[in-house]
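# Coordinate analysis (summary)
The chain contents come next:
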Amino acid sequence: MRLDKYLKVSRLIKRRTVANEACDGQRVTVNGRTAKASYEVKAGDILELRFGQRTVKVEVLDVSASATKESAGAMYREILP
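The shown structure was predicted, so the numbers you read here are calculated from the model rather than taken from an experiment.

Calculation notes
As a convention, each chain's residues are numbered from 1 in the sequence order in which they are written. Where local features are concerned, this predicted model is filtered to residues with pLDDT of at least 70; where side-chain atom pairs are given and counted, the filter is 80 or more; whole-chain, interface and lining totals use all residues. The side-chain quantities take in all heavy atoms of the structure and omit both hydrogens and water. Remark: nonpolar core denotes a set of buried residues (Ala, Val, Leu, Ile, Met, Phe, Trp, Tyr, Cys) joined through side-chain atoms within 4.5 Å. Note on classification: 1.4 Å probe, protein chains only; a residue is buried when its accessible area is under 20% of the maximum for its type, exposed when over 50%, partly exposed between these limits. Helix and strand definitions follow DSSP, with helices as H or I runs of at least four residues and strands as E runs of at least two, each counted in order from the N terminus. Any two strands are treated as partners once DSSP identifies two or more bridges connecting them.

Once that is clear, we can look at the nonpolar core. Judged by nonpolar contacts, the single largest core of 22 residues is most densely connected at Leu3, Tyr6, Leu7, Val28, Leu47 and Leu49. Broken down by secondary-structure element, the contributors of at least two residues to this core are helix H1 (3–9), helix H2 (16–24), strand S1 (28–30), strand S3 (46–51) and strand S4 (54–60). At four residues, H1 tops the list of elements feeding residues into this core.

As structure tokens, this is what we get:
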């Protein structure tokens, strides 16, 4: 699954266009490297998102095409700094 779509489905970012802009603005890294929106996300990837002063680091646990509000949180595990 594409990175921008994963960010939307997992509800880390609300809209796919916003996720796409975050990738274009180099605010999203995968496994320590800046990633494009077209990057294919796999289980085990480490995503780091920068929102202004806040940074969120998560490990991808599951990649599924759709998720309910309740099951979206099970798609990743937040890594504390």
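Attention shifts here to the pairing of S4. Pairing analysis gives six bridges linking S3 to S4, with the strands arranged antiparallel. Each bridged residue has a counterpart across the sheet, and for Leu49 the counterpart in S4 is Val56. Counted along the chain from S3 to the antiparallel partner S4, the turn is two residues long, and its residue Gly52 has a positive phi close to 65°. The pairing of S4 with strand S5 (residues 76–78) spans three bridges and is antiparallel.

Turning our eyes to something else, we now look at the sheet that holds S1. What links the strands of a sheet is backbone hydrogen bonding, and the strands pair in either a parallel or an antiparallel sense. Across the sheet, five strands lie side by side as S2-S1-S3-S4-S5; this open sheet has antiparallel pairing. Since the sheet does not close on itself, it has two edges, and those belong to strand S2 (33–34) and S5, each with one partner.

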